[in-house]
2 protein chains.
Amino acid sequence: MTKQELIHQIKAKRSFLCIGLDVDLEKIPAHLLQLDDPVFEFNKAIIEATHDITVAYKPNTAFYEAYGLKGWESLSKTIAYLNENYPSIFTIADAKRGDIGNTSTRYAKAFFEDLNFDSVTVAPYMGSDSVEPFLAFENKFTIMLALTSNKGGLDFQLMQDEKGATLYEKVLKTSLGWKNSEQLMYVVGATRPEYFQKIRNIVPDHFLLVPGVGAQGGDLQEVCTYGLNNDIGLLINSSRGIIYASPNENFAEIARKKALELQKEMQVILDEKGL
Amino acid sequence: MTKQELIHQIKAKRSFLCIGLDVDLEKIPAHLLQLDDPVFEFNKAIIEATHDITVAYKPNTAFYEAYGLKGWESLSKTIAYLNENYPSIFTIADAKRGDIGNTSTRYAKAFFEDLNFDSVTVAPYMGSDSVEPFLAFENKFTIMLALTSNKGGLDFQLMQDEKGATLYEKVLKTSLGWKNSEQLMYVVGATRPEYFQKIRNIVPDHFLLVPGVGAQGGDLQEVCTYGLNNDIGLLINSSRGIIYASPNENFAEIARKKALELQKEMQVILDEKGL
């Protein structure tokens, strides 16, 4: 998918919502457990109930790996279902991978070719040659961790050099010099709204994937104040707040209701900004 | 596995060699490709040829994920084979995972419970709550990236704060305060021998997993000068230099020859140090 196609979809749907498909068998409605592949059936129901008001889906690979081979099968079926039925929706493998050069190419092949995701999340610790192999894939996006929403995000990401520049700023600035850096996006937690202005000064044009709205306490309005750019430039992720809003048979209907609340809020913001 | 069991194995085999099982279908001998699961057959042959002179095996998950479901099946069969036939050998899932708390627990379950590896590699960027979930598993080890052997390792890991402390040093120091930190090991590249003294000052007692000897140019003697401690404290990994030493039908025999060269060198070092 190209960036223009993503922007077009956002403008058409009046939504920059991403739904996290983090499926936990202990949290999904009990009636699904009797089916052959409860994880896939859960995802299918969520997708069918929300595809017209969300622009992206983001399965976190940890939830699938935890179920071994069966989990990988559920992940394969989910991405195949999305690519077949809703090819215009942006797909994110939330895998947070990263390794030395030739090994990163293997991960890139796994997610971009074998599974055919539009994007994958990566960790920056190993630097340029751990990320550039992902950027070599055309019309695919690499979403790098910058400033994360969790408590431990503060352990290292705010470390300052002698000039007062923080690690996450260095990660952003350095990555702009990497080959095909226009195919980068960045993960910035919604729980850190005070940093969005600084981040937009460094990466004015790139998309930011923003987890942490809802369950983790982030505020949509605050994020949008400095996060939006002329291309919208934001994908706001919500996982638990949408997919586990109801533990009952009507889970998909309630998930739609929750997603719609966020989409309506986004519509107002986009209208106000004339986007 | 406990740390004492690992040390006991090293002393008995006079070896602290780890063999990386990074299997690439384009590099393995052609005659294996006709078999049902060439990746597993390759691993089995390498294991049978080297299990008495190596103390650890380290499959890098990227190589398996690249082959989709079939790749995960090969990985499952490889670790099951090791656990059944050579349960005293230390196993490392080189996965470089890391995510927010409850998600990291999922990864930990995937590698420690479902696949039953003794250890897994993790990335430090997301801090304490991305790593502590792995440390919660008893008799399992979490091997965190500290100073990596690749070119991009220099992009961020040597960033200095106002007092001159580098990021990798901060990662080491901070992690010592995490719950169950005695179950940590650290990845330190063999291409950075000049840093081993500093690292040993910060983490005198922990094991270091050292990739980069051989193909990447690291020198075993140099690494041992400052890397060894009273518990040996080193696992030296070699992948390509051993497993792809021959592209012919005798690949396992030649792999043993290469592994034996390293083991003999290790034996001399251990004898000299009276370990």
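Conventions we followed
- Residues numbered from 1 in each chain as written.
- Chains lettered and ligands numbered in written order.
- Predicted model: local features only at pLDDT ≥ 70, side-chain atom pairs only at ≥ 80, totals over all residues.
- Heavy atoms only, no water.
- Buried < 20%, exposed > 50% of the residue type's maximum accessible area, 1.4 Å probe, protein only.
- Helix = DSSP H or I, 4+ residues; strand = E, 2+ residues; numbered from the N terminus.
- Contact = heavy atoms within 4.5 Å.
- Buried area = accessible area lost by both parts, 1.4 Å probe.
- Salt bridge = Lys/Arg side-chain N within 4 Å of Asp/Glu carboxyl O.
- Least-squares fit on C-alpha atoms with pLDDT ≥ 70 in both.
- Expected span 1.5 Å × (residues − 1).
- Phe/Tyr/Trp six-rings, centres within 6.5 Å; stacked < 30°, edge-to-face > 60°.
- Axes fitted to C-alpha atoms, helices over the stretch in contact; angles between N-to-C directions.
- Left-handed = near helix turned anticlockwise from the far one by under 90°.
- Nonpolar A, V, L, I, M, F, W, Y, C, P; charged D, E, K, R; others polar.
- UniProt positions renumbered as here; feature names shortened; annotations may be inferred.
- Polar contact = N/O pair within 3.5 Å; in protein donor to acceptor, adjacent residues only side chain to side chain.
- Pairing = 2+ DSSP bridges.

> Before we move on, could you go through helix 6 (residues 128-135) of chain B and cite the residues and values that matter?
Where burial is concerned, most of helix 6 of chain B is hidden: seven out of the eight residues are buried. Taken together, the buried residues of helix 6 of chain B touch helix 7 (153-156) of chain A together with strand 3 (90-97), helix 5 (101-114), strand 4 (119-122), strand 5 (141-147) and strand 6 (184-188) of chain B.

> Would you mind going over the environment of A:Gly274 in detail, with residue names and values included?
Residue and element names in this part refer to chain A. Looking at where Gly 274 falls in the secondary structure, it is placed in the segment after helix 12 (251-273). Judged by relative accessible area, which is 64%, Gly 274 ranks as exposed. For the pair Gly 274 and Asn 230, spaced 44 residues apart in the sequence, the C-alpha separation amounts to 9.6 Å.

> Mind laying out the interface of chain B and chain A, listing which residues take part and the relevant values?
The interface of chain B with chain A comprises 56 residues on the first partner and 57 residues on the second. In total, chain B and chain A occlude about 5100 Å² of area from one another, counting both sides; carbon and sulfur atoms represent 61% of this. If you sort the residues of chain B by the area they bury against chain A, B:Arg106, B:Tyr125 and B:Phe156 come out on top, with a joint share of 19%. Put simply, A:Glu65 and B:Arg97 hold a salt bridge, and the shortest N to O gap is 3.0 Å.

> Break down the relation of the copies chain B and chain A for me, with residues and values.
Superposing chain B onto chain A takes a rotation of 180° combined with a translation of 0.0 Å along the rotation axis, leaving an RMSD of 0.0 Å. Expressed as a symmetry operation, the mapping of one chain copy onto the other fits a two-fold axis. When the interface residues of chain B are mapped onto chain A, 100% of them again fall at the interface, so both copies present the same face.

> Which residues make up unusual backbone geometry, and what values go with them?
In this structure, A:Asn139 takes a positive phi of about 55° despite not being glycine. Secondary-structure assignment places A:Asn139 in the loop between helix 6 (128-135) and strand 5 (141-147).

> I'd like a rundown of helix 5 (residues 101-114) of chain A, residues and numbers included.
Residues and elements named next belong to chain A. Here helix 5 is 14 residues long and its end C-alpha atoms lie 19 Å apart, about the 20 Å a rise of 1.5 Å per residue gives. By the burial criterion, the buried members of helix 5 are Thr 103, Ser 104, Arg 106, Tyr 107, Ala 108, Ala 110, Phe 111 and Phe 112. Just beyond helix 5, the residue with positive phi is Asn 116, at close to 60°.

> I'd like to hear about the packing of aromatic side chains, residue by residue, with values.
Residues and elements named next belong to chain B. Applying the stated rule across the entire model yields 21 aromatic pairs over all chains. Where Phe 112 meets Phe 137, the ring centres are 5.4 Å apart and the plane angle is 55°; that geometry is what we call tilted. Note that Phe 112 is positioned in helix 5 and Phe 137 in the loop between helix 6 and strand 5, a separation of 25 residues in sequence. In this structure, Phe 112 and Phe 137 share a single accessibility class: buried.

> Any details on the packing of helix 5 of chain A against helix 6 of chain A? Residues and values, ideally.
Residue and element names in this part refer to chain A. Between helix 5 and helix 6, whose axes approach to 8 Å, the crossing angle comes to 35°. Helix 5 and helix 6 meet at a crossing whose hand is right-handed. Here Gly 101, Ser 104, Thr 105, Tyr 107, Ala 108 and Phe 112 of helix 5 come into contact with helix 6, specifically with Asp 129, Ser 130, Pro 133 and Phe 134. Grouping the constituent residues of the contact of helix 5 with helix 6 by class yields five nonpolar, four polar and one charged.

> Please provide a residue-by-residue account of the UniProt feature "active site" (unreviewed entry) in chain A, values included.
Taken from the UniProt record, the annotation "active site" (unreviewed entry) applies to A:Lys96. The class for A:Lys96 is buried, based on a relative accessible area of 6%. The residues touching A:Lys96, leaving out its near neighbours within four places in the chain, are A:Asn60, A:Thr121, A:Val122, A:Ala123, A:Leu145, B:Lys96, B:Gly98, B:Asp99 and B:Met126. Among the polar contacts made by the side chain of A:Lys96, one reaches the side chain of A:Asp94 at a distance of 2.9 Å.

> Give me the lowdown on the sheet that holds strand 6 (residues 184-188) of chain A, citing residues and values where you can.
Residues and elements named next belong to chain A. Sheet architecture is closed into a barrel: eight strands sit in the order 1-2-3-4-5-6-7-8, paired in parallel fashion. Taken pair by pair, the neighbouring strands of this sheet meet at an average axis angle of 30°, ignoring direction. Along the sheet, helix 5 makes contact with strand 3 (90-97), strand 4 (119-122) and strand 5, crossing strand 3 at roughly 155°. Its contacts with the sheet put helix 10 (residues 220-227) on strand 7 (208-210) and strand 8 (234-238), and the angle it makes with strand 8 is roughly 160°.

> Requested: an account of the side chain of B:Glu65, with residues and values cited.
Note on placement: B:Glu65 falls in helix 3 (residues 61-65). Within the structure, B:Glu65 has its side chain in polar contact with the side chain of A:Arg97 (distance 2.9 Å). When near neighbours in sequence (up to four residues on either side) are disregarded, B:Glu65 contacts A:Glu65, A:Trp72, A:Arg97, A:Tyr107, A:Ala110, A:Phe111, A:Asp114, B:Trp72 and B:Arg97.

> Explain the sheet that holds strand 1 (residues 17-20) of chain B to me, using residue names and the numbers behind them.
All names here are of chain B. A barrel is described by the order of its strands in space; here eight strands give the closed sequence 1-2-3-4-5-6-7-8, paired in parallel fashion. In this sheet, adjacent strand axes meet at a mean angle of 30° when their direction is disregarded. The pairing of strand 5 with strand 6 spans five bridges and is classified as parallel. For Met 144, the partnering residue across the bridge sits in strand 6 and is Tyr 186. The strands that helix 5 touches are strand 3, strand 4 and strand 5; relative to strand 3, the one it contacts most, it runs at about 155°.

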